[in-house]
Amino acid sequence: MTNYCGYMGKVLLLDLGTHTAENYIWTDLDREKYIGGKAMASKILYDNLTGAEKPFDPENLIVIATGPLTGTGAPSSNRFDISSLSPLTGITSSSNCGGNFGHYLKKAGLDALIIRGTCEKLSWIEINNGEFIFHDARELRDLKCGETQAALQEKLNAEHGKKVSCGMVCIGPAGENLVRYASVISGERAAGRAGMGAVFGSKNLKAITAAGDAVPSIYDKEGAAAHRKKWVNYIRRHPLTGEQLPKMGTAGLVSSMQVHGLLSTRNYARGQFEQFEAVSGEALAEELTVTNSGCLSCPIRCTRRVPVDGKTVKGPELETLGLLGGNIENANLEQICHWNYELDELGMDTISTAGTIAWAMEAGEKGLWESGLRFGETEGLSKIFDDIAHRRGIGAELAEGSKRLSEKYGGKDFAIQSKGMELAAYEPRRAVGQGLGYAVANRGGCHLNGGYLVVLEGLGMNVNGQTPHGKADLCMVMQDLMEAISCGGQCLFTSYGVVPAFMVRNPNGILQRAVNAIVPFMGPAVRIYNKIPEIACFNIPLIPYPTELRYTTGMKLTLGEFTRIGERSYNVERAVNARFGVSAANDKLPKRLTDTLQDPGNPKTRVPLEQMKRTYYRARGWGKNGLPGEKKLRRLGIR
Ligand code: SF4
């Protein structure tokens, strides 16, 4: 139970081996310290994993957690988070997802679901108003994600004698066959990264459905309604959240990335792709987009729907366009839309799939490992994807990801991954803050978990991307704020609105240039804020999240306290990973990005990682080993 609104007050621990469930104790003090979502999941993993578990062990846990805003109608608040030990990295990881499952999990009366053990046979679980039923899923084996969800809907309708309104998560063949980067799919959205689908597969868990009649309460309905109205108006007027994202989605960033030399090309050998226009957001909008759509309660509606095989389906995001476009030297937009759909149907992360394919293409060219794959030759890729998902032939090797392949065959310098997870599409040698973020990100090569500094370094603002100055402190504050936003249950795309609109509309104005020039020198000031965020004992309209949480939950939060929650989240995740052997030595990037210049004539076009790492650890109050010590964990109230 809880005294806070927004929450359902119940966390269920489900044992797949014994088919039993118990209430997991999660107190209001825990809610104040971690809010929900990923932070909550990380604390649960911290309290339950010893460091001896392996990703496919029955003892590994899956935590599916919502935030207090999930399902309350707050802007873009449909998100939920899946955390577990990742088969790709061997450490904890989380994957955030839209769709409607989070909303329905709360309708079923749960804030979070913890899963341990393994089902004896392939199963799916029905959760209804807090009760659960195990069902045999063997006849769903090898079904793709769309087919699986359609079959489950039919079964539920037949069982209940009416159309059942519910949310679902499921895996496809890739998850069943333990592809290390298999995703979990909910509707058309993916918890794509870090192989959460393979953990489902290892537990013989094909799907979960959730339904019920519970409704989260709102602490101050009138206040929340007025605040949301203002916020939605702001989102709709902002050039990124009101224009670019609805029109082009994240795909709209391709052109800016090209201009700034940030577009991963030819397995990150370059930052610009000659044929970028063919795979840009503009081309997608003009040539293929039928309409746009969005997740529940989202005013941004960033999804572009495109035609594939006679259907209208979710179109590709920037990551897929970049990594299945220029990064493998492919300029066929329709083909990328097709692959994007296929990979979601197979239940496989587009980023890691594409990163592994690009590595294999280069390894083949260099004579290290012959897979038959070559840059620019993309004819047979659909078949390769299917082979990966079924671990057939060469697909069985590709299913292991680029890190393991490079350890086996050579080519580590150009395996574009960090901690085992393939990087997103932002080439960081001209956005070195983003490079730092990729390296130190708790879950591996993730742009978002890394603080997403590229938004400052060329995509929303024009801060010098080649200077390391100020980047470590900025990286920390951005990571902490994004953690906190995510913990509430809101989509991180709302945070594009934090970049002042005037900076985006006229990036080359005098004032804008002055702001961009000053930012790298703000490191010391940001450092003070990072150390004592409580000095921000107020809230500001530009960062509306703590105010929204107050109206919804009744929890009084200042901007500083909100930032501290993000810091706590980041540290608890790091502390779990320390048990699994993570330290400064794992905060790495491939040599291509740290030692090879993107532009041989410009010595600044590499990521000066070690220099930035030292400052980053100091900013975080961590030791030289890159880890929070006992004192730090106590100060944050984690121990
Ligand atoms: S911005 Fe896009 S991904 Fe985020 S909630 Fe809205 S539609 Fe979903």
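Residues numbered from 1 in each chain as written. Predicted model: local features only at pLDDT ≥ 70, side-chain atom pairs only at ≥ 80, totals over all residues. Heavy atoms only, no water.

Considerations on the layout of surface pockets
Consideration 1: Computed from the structure, the largest pocket encloses a volume of approximately 850 Å³.
Consideration 2: Considering the residues around the largest pocket, the lining is formed by 31 residues, among which Val477, Met478, Leu481, Val498 and Ile543 are closest to the centre.
Consideration 3: Broken down by element, the residue count for the lining of the largest pocket peaks at six residues, all from helix α18 (residues 471-488).
Consideration 4: As a volume, the second largest pocket reaches approximately 590 Å³.
Consideration 5: Along the walls of the second largest pocket sit 28 residues, with Lys403, Gln417, Ala585, Lys588 and Leu589 positioned nearest its centre. (1 Å grid on protein atoms, 1.4 Å probe; cavity = no way out; pocket = protein on both sides within 12 Å on 5 of 7 lines; lining within 4 Å. Points joined across faces, edges and corners; volume = space filled by probe spheres on them. Helix = DSSP H or I, 4+ residues; strand = E, 2+ residues; numbered from the N terminus.)

Looking at the site of the ligand
Consideration 1: Taken together, the neighbourhood of the ligand is formed by Asn78, Arg79, Arg189, Gly294, Cys295, Cys298, Ile300, Arg301, Cys302, Cys491 and Phe493.
Consideration 2: More than half of the atoms of the ligand fall within 2 Å of the grid points belonging to the second largest cavity.
Consideration 3: Each residue belonging to the shell around the ligand can be placed in one class, and the counts come to six nonpolar, two polar and three charged.
Consideration 4: Both domains that furnish three or more residues to the shell around the ligand are identified here as domain 1 (11-211) and domain 2 (250-417). (Near = heavy atom within 4 Å. Sits in = over half its atoms within 2 Å of the grid points. Nonpolar A, V, L, I, M, F, W, Y, C, P; charged D, E, K, R; others polar. Domains from an automatic or database assignment.)

Some points on a nonpolar patch on the surface
Consideration 1: Residues Ile528, Ile532 and Ile535 make up a contiguous nonpolar surface patch of about 280 Å² in total accessible area.
Consideration 2: With respect to the helices, strands and loops of the structure, Ile535 is situated in the loop between α21 (523-531) and α22 (545-553). (Patch = residues over 30% accessible without salt bridge, like charges linked within 9 Å, V, L, I, M, F, W, Y side chains within 5 Å. Areas by Shrake-Rupley, 256 points an atom, 1.4 Å probe, with all protein chains shown as cover. Salt bridge = Lys/Arg side-chain N within 4 Å of Asp/Glu carboxyl O.)

Considerations on the sheet that holds strand β15 (residues 311-314)
Consideration 1: Pairing within the open sheet is antiparallel, and its three strands lie in the order β13-β14-β15. Sheet topology places β13 (291-293) and β15 at the edges, where each strand pairs with a single neighbour. For this sheet the average axis-to-axis angle between neighbouring strands, irrespective of direction, equals 45°.
Consideration 2: Note that strand β14 (residues 303-308) and β15 share four bridges and pair antiparallel. What sits directly across from Val308, in β15, is Lys311. (Pairing = 2+ DSSP bridges. Axes fitted to C-alpha atoms, helices over the stretch in contact; angles between N-to-C directions.)

Some words on unusual backbone geometry
Consideration 1: Phi is positive for Tyr268, which is not a glycine, with a value near 65°.
Consideration 2: Inspection of the secondary structure assignment puts Tyr268 in the loop between α9 (254-259) and α10 (281-288).
Consideration 3: Given a relative accessible area of 1%, Tyr268 falls into the buried group.
Consideration 4: Even without a glycine there, the phi angle at Glu329 is positive, about 60°.
Consideration 5: Relative to the helices and strands, Glu329 resides in the loop between α11 (318-323) and α12 (333-346). (Buried < 20%, exposed > 50% of the residue type's maximum accessible area, 1.4 Å probe, protein only.)

Describing the packing of helix α2 (residues 37-48) against helix α23 (residues 559-579)
Consideration 1: The N-to-C vectors of α2 and α23 enclose an angle of 30°; their axes lie 9 Å apart at closest approach. Here α2 runs over α23; the crossing is left-handed. Within the contact between the two elements, α2 uses Lys38, Ala39, Ser42, Lys43, Leu45 and Tyr46 and α23 uses Ser569, Val572, Glu573, Ala575, Val576 and Arg579.
Consideration 2: When its residues are assigned to classes, the contact of α2 with α23 shows six nonpolar, two polar and four charged. (Left-handed = near helix turned anticlockwise from the far one by under 90°. Contact = heavy atoms within 4.5 Å.)

Comments concerning empty space enclosed by the protein
Consideration 1: Following the criterion strictly, the structure yields three cavities of 30 Å³ or more and no others.
Consideration 2: Lining the largest cavity are 43 residues; nearest its centre among them are Arg79, Asn96, Ala190, Arg193 and Leu448.
Consideration 3: Sorting the residues of the lining of the largest cavity by element identifies β5 (92-97), β11 (189-191), α11, α12, α13 (350-365) and α18 as the ones contributing at least two each.
Consideration 4: By residue class, the composition of the lining of the largest cavity is 15 nonpolar, 15 polar and 13 charged.
Consideration 5: Cys295, Cys298, Cys302, Cys491 and Phe493 are, among the 13 residues lining the second largest cavity, the residues nearest its centre.
Consideration 6: When grouped by side-chain class, the residues that make up the lining of the second largest cavity number six nonpolar, four polar and three charged.
Consideration 7: Two domains each provide a minimum of three residues to the lining of the second largest cavity, namely domain 1 (11-211) and domain 2 (250-417).

Structural notes on the environment of Gly90
Consideration 1: Its place among the elements puts Gly90 in the loop between β4 (80-85) and β5.
Consideration 2: Judged by relative accessible area, which is 25%, Gly90 ranks as partly exposed.
Consideration 3: If we skip the residues at most four places from it in the chain, Gly90 touches Pro55, Leu85 and Phe580.

Focus on the nonpolar core
Consideration 1: Membership of the largest hydrophobic core comes to 188 residues, with the highest contact counts inside it found for Ile64, Phe200, Ile208, Ile357, Leu398, Tyr426 and Tyr616.
Consideration 2: With near-sequence residues (within four places) excluded, Leu398 lies in contact with Tyr181, Thr356, Ile357, Ala360, Trp369, Leu373, Ile384, Ile388 and Leu405.
Consideration 3: Counting 14 residues, the second largest nonpolar core, distinct from the first, contains Leu140, Met168, Ile185 and Ala211. (Core = buried A, V, L, I, M, F, W, Y, C linked by side-chain atoms within 4.5 Å.)

Here we look at the pattern of salt bridges
Consideration 1: One pass over the full model with this rule turns up 41 salt bridges.
Consideration 2: Residue Arg31 is joined to Asp28 by a salt bridge in which the shortest nitrogen-to-oxygen separation is 2.9 Å. Of this pair, Arg31 and Asp28 both sit in helix α1 (residues 28-34), three residues apart, which is roughly one turn of the helix.
Consideration 3: A relative accessible area of 1% places Arg31 in the buried class.
Consideration 4: One salt-bridge network, held together by shared partners, links Arg266, Arg270, Glu274, Glu329 and Glu365.

Some details on the pairing of strand β12 (residues 205-211)
Walk down a regular strand and you will see the side chains alternate between the two sheet faces.
Consideration 1: The buried fraction of β12 is high, at seven of seven residues.
Consideration 2: Pairing of strand β7 (residues 123-128) with β12 involves six bridges; the strand directions are parallel. Of the residues in β12, the one forming a bridge with Ile125 is Ile208.
Consideration 3: The pairing of strand β9 (residues 167-170) with β12 spans four bridges and is antiparallel. If you follow Met168 over to β12, its bridge partner there is Thr209.

Digging into α22
Consideration 1: Across the nine residues that make up α22, a large majority, eight, are buried.
Consideration 2: Buried within α22 we find Tyr545, Pro546, Thr547, Glu548, Leu549, Tyr551, Thr552 and Thr553.
Consideration 3: Buried-residue contacts for α22 involve α7 (221-237), α18 and α23.
Consideration 4: Once α22 ends, the next one or two residues include Gly554, with phi positive near 90°.

Comments concerning the environment of Asn508
Consideration 1: Locating Asn508 in the fold gives a position in the loop between α19 (501-505) and α20 (510-518).
Consideration 2: The exposure class assigned to Asn508 is exposed, which follows from its relative accessible area of 53%.
Consideration 3: Between the C-alpha atoms of Asn508 and Gly175, which are 333 residues apart in sequence, the distance is 47 Å.
Consideration 4: Non-local contacts of Asn508, meaning those with residues more than four positions away in its chain, are made with Asn462 and Arg513.

Some points on the side chain of Ser183
Consideration 1: Relative to the helices and strands, Ser183 resides in the loop between α5 (173-176) and β10 (184-186).
Consideration 2: Of note is the side chain of Ser183, whose polar atom sits 3.1 Å from the backbone nitrogen of Met348.
Consideration 3: With residues near it in sequence (within four places) discarded, Ser183 still touches Cys170, Ile171, Ala191, Gly192, Gly197, Gly347, Met348 and Asp349. (Polar contact = N/O pair within 3.5 Å; in protein donor to acceptor, adjacent residues only side chain to side chain.)

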